[in-house]
Each structure stands twice: as C-alpha cells, then as structure tokens.
Amino acid sequence: MATSDTDDSLYPIAVLIDELRNEDVQLRLNSIKKLGTIALALGVERTRSELIPFLTDTIYDEDEVLLALAEQLGSFTPLVGGPEYVHCLLPPLESLATVEETVVRDKAVESLRIIADQHNQGDLENYFVPLVKRLAGGDWFTSRTSACGLFSVCYKRVSTNVKAELRQNFRSLCADDTPMVRRAAAGKLGEFAKVVESEYLKSDLIQLFNMLAQDEQDSVRLLAVEASVSIASLLPSEDTEQLVMPTLRQAAEDKSWRVRYMVADKFTELQTAVGPEITKNDLVPAFQSLLKDCEAEVRAASAHKVKDFCQALSPDVREQIIMTNMLPCVKDLVADANQHVKSALASVIMGLSPILGKDNTIEHLLPLFLTQLKDECPEVRLNIISNLDCVNEVIGIKQLSQSLLPAIVELAEDTKWRVRLAIIEYMPLLAGQLGVEFFDEKLNSLCMTWLVDHVYAIREAATLNLKKLVEKFGKDWAQQTVIPKVLQMSRDQNYLHRMTCLFCINLLAEPLGQDLTTRLMLPTIITMGSDPVANVRFNVAKTLQKLAPHLDQGSIQTQVKPLLEKLKADGDMDVQYYALEALEGITI
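Asker: What am I meant to see in the overall build of the protein here?
Answerer: When helices and strands are counted, the protein shows 35 helices and zero strands. On C-alpha atoms alone, the protein measures out to a radius of gyration of 34 Å, which is more than a quarter above the 25 Å that the 2.2 N^0.38 rule sets for 588 residues. With the principal axes as the frame, the protein shows a C-alpha extent of 90 × 85 × 30 Å. A buried classification covers 53% of the 588 residues belonging to the protein. Considering only intrachain contacts with a sequence separation of at least 6, the fraction spanning at least 24 residues in the protein is 67%.

Structure follows, in structure tokens:
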C-alpha cells in the first residue's frame, strides 16, 4: 500500500518530466517553469545524475523555453545539494551562454554570475575558470561575448597565476576581430577594473580602455566612455588627469554624435569620479562644447544635466563658473530650434534659482523663464509651470506674481488643453503661496471659467481644484465665493455645465459639512431632479446617494426619498436604474 501511495505521489512528477520532451512548446515551457518541483521530488542525487544531464542535452529548443531554463538554473543550488555540488549546474548554463538568441545568453550569464559566488575557491579554479576560458576561446562570437560578463565575478577569488591568465583572456577579447565581442568587452571593462589590482589597472586596463576608446566602431567607443567613469573613480586625481582625461576630451569631440551623446549622458557621473579640480579645468569647457553641439540629441542630453552639473561644482567657484561659462550657453538653449532641447532645459532650469540666489535669479533667470513660459512648444511651458515652487522659495511670491503671473494667466487660457490642465493642477499650491486676497483678485475667475471648459478632463480637474481650494481657504470663503457660482451653473442652458454643477456638489459636500450641504446645495439638486435631460436626472440620483452621509435624516426622509421614488418611475431606463440603486443604498 505504501508503495502504491509513493507511486501515486510521483505520478504528477512523471507527467512533468514527460512534458519536458513534449512536442508542444507551451507544455515544455510550463514544465521548465516547474523544474524546482521536479528536482525536489527527484532528490538531490537524481537531480545531479539524471535531470541536469537531461537538461544539458535539450539545449536545442525554442528561445522562450531556453530563457525560462536559464532563469531557473540560477536558483538551483539548493536542489543539487548546495555549494559543494554547484559546479554540476555549469554544463547546461555553458551551453545556454553560447546560443544565438541574445536574451537567452544574457540570462545564462546572469545565472552564472549568481552561482559563481557559491563556488569555493578550489571549485572556482577547477570548474568555473575553465568554463570562462572555454567561452572566451570559443569559435562563435556568441560564446566570447558571454565570457566578457564573467571575469569580474571570479577574478578576486583565484590565485595570482590564474588572475594573470584571466587578464590575458580579457585582453584578447578587447582586441577580438568581431565588433560584437569588443562591444561586450567595453561594456564590462569598468566592472572588471573595480576588481583588478591597482598596478594592473594602470599597466593593463588603461591601455585596453584607450584602445577601445579609439575603436573604429562607434558602438564600442561609446561603451568605453561608460567604463571611464569606473576607471576615473578608482584612480588618484593626477593619474586620472594623465591617463584618462586625454581620451575623454577626445570622446567629447568624437566624430560620432552617439559617442558625444554618451559623454553628455554620463557627464555628472564623470564629474563625481574625477573630482572638483579636473572638473574646473577640463569638464567645464567640455560641457560648454556639448551644450553647443551640432546634434540636437547631444544638446538635449547635456541640457538635462545643467542643474546637476552646476549643483555639484565646488562652492568656491560655483557662481563664477555658472555666470561666466554656463549662463551664456543656457541663454542660447532657451532659443534653440529643437523643441526637445528646450523641453529638456525647461525641466531643470528652475533648479538654478536656489544655486544662484535671489538677485541673480531676478536679473538673469526670470527673463529666461518668461521666454519659456511663452514658448510655442507646450512641453516647454508645462515643464516651467511644474517647477515654479523652486523659484518662489528664492524670490518670494510678490516678485513671482509681478513677473510670471501674467504669463501664467495667459497659459490658463492656452489652446492646448494639457497646458491648461497643468495650470489647474498647480493652482492649489499657487493659491497657498499667494494667499486668499491675491488669489481672489487674480485667479478666482479663472478657476470658475475652467468649470465650463469644452474638454471634459479640464472640467473634471477644475472640480477637484475647487475642493482643494475650499479645504485651503475654508467654508466662509466657499460660501461667499464658490457656492453661488457653482449653483448658478444648475440653470445653464448647456446640460454639460449642469452636470458639472452636480460633480462640484459631490466633491464639495465633504469639506462643507452637513449644514451647508443641506441648506445651500440640496434645494438645487432637488430642482435638477426635473431636468429635461435624462443624463442630468440620473446624475441627480447618483449625487443624492453620494451625499446621503452628509445630509440630516429629516432631509433624507422629506426631500431625498420622495425625489428618488419619483425618478424610479422615470421614462428613462438609466434614470430608473440609478434611482433604484440610490434608494437601496440610502435604505441600507
């Protein structure tokens, strides 16, 4: 009986194993994803002696199956008996690291990197390093590209002789005939530099870096730029100046815009790596050059870095460098012909205010902000509006309102609805900064105008905006300023505006409280229950259900329920449905 039970319990596992051989790709994929279950059932010995060899033999499958297998094997160490036996996972992963599909190879390398840490030093030298060498010396470029990602994970824990061999292998990959291999080596150079001893970093890896940075393929050169960040961070300042900076200066003026783009993209990381002195002498002129680059993509990438670059400058020279070197470039970018460049700058330029202080902001930056607020590109205007609080903290609301408020009011009526939406979303914050008197004088009428906008998203945002303003300025302000205008909309000829009136009431009931809701708003809702448009009537039913918690019981019994009973008998099916639903909701 016990034997029968065991057989029964193993039956599902037998099915999964059979499905590994099935012709149906989906069944094989499902079974691969349950490899852990199969291995647990088989036990560690049978997993090592049967399952792993079987998997090694099936590396000729669909890419999605191989991808799943490569991922599973990375977490298989406990299922083969722990770190002592982890090396038995290397054969299937080695095969997966040589296949044609890039994502499979990458996943296999990722799993190999995970299990490298689980080898002891002896097994690392006996099993893992030979695998790296085989991949590095493989006939197909696929295996050699995979090898590039494995040097850094084993180098630190092997003997001196093996380290020398690994450095030699990596050198060969950097000089490989195939661009894909050189690209992979360049991509991993920075990572390898972090584990190599400092003497070999100077004697070996700098040479490789310079060689890759002058490669005929721009796809290799741009990855060498990435490696320069790691290398520069590992070297003393004088060595960086002598060994790395000549190559970096060359990269910043490379004939390929993609290489210059990579320099721009990594610029603030380079700034951190090389330190303040080299930044002042070398990176400032290079950054100016990139901000004036002939390619828009490079200018946009550089413009994105303006604030971070300026912020990270040494405090003793920061203001001088910004005013002398950066500001002229920034002024040119504000009027750039490319909208992506202007948009990139607009997203960060406000951040210069806290760095430069009040006087410089008023004199030099405010005119630029005004130009950008009037830019024809909506994205530029949007990015400026979204960061106004940076400037307000520096120059104060009075100066802000005098300089930028007229432009903001103009934008509130912009033809592009997304710009109007951005202004609405910023309005509660602006209201808090301006104060109630200034707000009522300058912006209140705008907020009410948005409620009757022809775009639904604007009307919806405007109702939310009203709620936030009421929460900020209080019930008395709402009673005097907002409620009369909202209730007036219930008599508007356009039914969409009457619907907006209901949406406002829905949102305002909570901050206004029971008394004001019952006294001021309920009569209007009751009147709208007789609206000629069915959409308005069923929204009355929905509103009454939503407002019930904010109304007193007397009003619910004498006004709300009678109206809902009347609407339940309405000639329109939707009105009947929502009235019935509201009645049930209120009764419950």
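Asker: Teacher, can you tell me more about the nonpolar core here?
Answerer: In a soluble, globular protein the nonpolar side chains are often hidden away together inside. Of all hydrophobic cores here, the largest spans 209 residues; its most connected members are F76 and F128. In terms of residues, this core owes the most to one element, helix 32 (residues 495-528), which gives 13 residues. Discounting chain neighbours no more than four positions away, the residues touching F76 are L35, G36, A39, T47, L51, I52 and L89.

Asker: Whenever I open this one, the packing of aromatic side chains confuses me. Can you help?
Answerer: The description of two aromatic rings rests on the distance between their centres and on the angle between their planes. Taken as a whole and judged by the stated rule, the model has 11 aromatic pairs. A centroid spacing of 5.3 Å and a plane angle of 75 degrees characterise the contact between F151 and F170, whose relative ring orientation is edge-to-face. Here the residue F151 occupies a position in helix 9 (residues 151-155), and F170 occupies one in helix 10 (residues 160-174), the gap between them amounting to 19 residues. Given a relative accessible area of 0%, F151 falls into the buried group. Taking relative accessible area as the criterion, F170 reaches 0% and is therefore assigned buried. Taking 5.1 Å as the distance between ring centres and 80 degrees as the angle between the ring planes, the aromatic pair formed by Y577 and Y578 counts as edge-to-face. When the ring centre of Y85 is taken as reference, the NZ or CZ atom of R48 above it lies at 3.6 Å. In this arrangement the basic side chain of K542 is found over the ring face of Y578, its NZ or CZ atom lying 4.9 Å from the centre.

Asker: Whenever I open this one, a negative patch on the surface confuses me. Can you help?
Answerer: Together, E62, D63, E64 and E100 line one region of the surface with negative charge. Mapped onto the elements of the fold, E64 is located in helix 4 (residues 63-73). For E64, a relative accessible area of 44% puts it in the partly exposed group.

Asker: Before we go on, may I ask you to explain the state of the cysteines in this structure?
Answerer: A covalent bond bridging the sulfur atoms of two cysteines is what the word disulfide describes. Scanning the entire structure with this criterion turns up zero disulfides. Summary of cysteine pairing: C148 is not part of a disulfide, and the nearest cysteine sulfur, belonging to C174, is at 7.1 Å. Residue C148 is classed as buried on the basis of its relative accessible area of 2%. Looking at the unpaired C447, the closest cysteine sulfur is the one in C504, lying at 11 Å.

Cut-offs and rules
Residues numbered from 1 in each chain as written. Predicted model: local features only at pLDDT ≥ 70, side-chain atom pairs only at ≥ 80, totals over all residues. Heavy atoms only, no water. Helix = DSSP H or I, 4+ residues; strand = E, 2+ residues; numbered from the N terminus. Rg over C-alpha atoms; globule rule 2.2 N^0.38 Å. Buried < 20%, exposed > 50% of the residue type's maximum accessible area, 1.4 Å probe, protein only. Contact = heavy atoms within 4.5 Å. Core = buried A, V, L, I, M, F, W, Y, C linked by side-chain atoms within 4.5 Å. Phe/Tyr/Trp six-rings, centres within 6.5 Å; stacked < 30°, edge-to-face > 60°. Lys NZ or Arg CZ within 6 Å of the ring centre and 35° of its normal. Patch = residues over 30% accessible without salt bridge, like charges linked within 9 Å, V, L, I, M, F, W, Y side chains within 5 Å. Areas by Shrake-Rupley, 256 points an atom, 1.4 Å probe, with all protein chains shown as cover. Salt bridge = Lys/Arg side-chain N within 4 Å of Asp/Glu carboxyl O. Lys, Arg positive; Asp, Glu negative; His and termini not counted. Charge placed at Lys NZ, Arg CZ, Asp CG, Glu CD. Disulfide = S-S within 2.5 Å.

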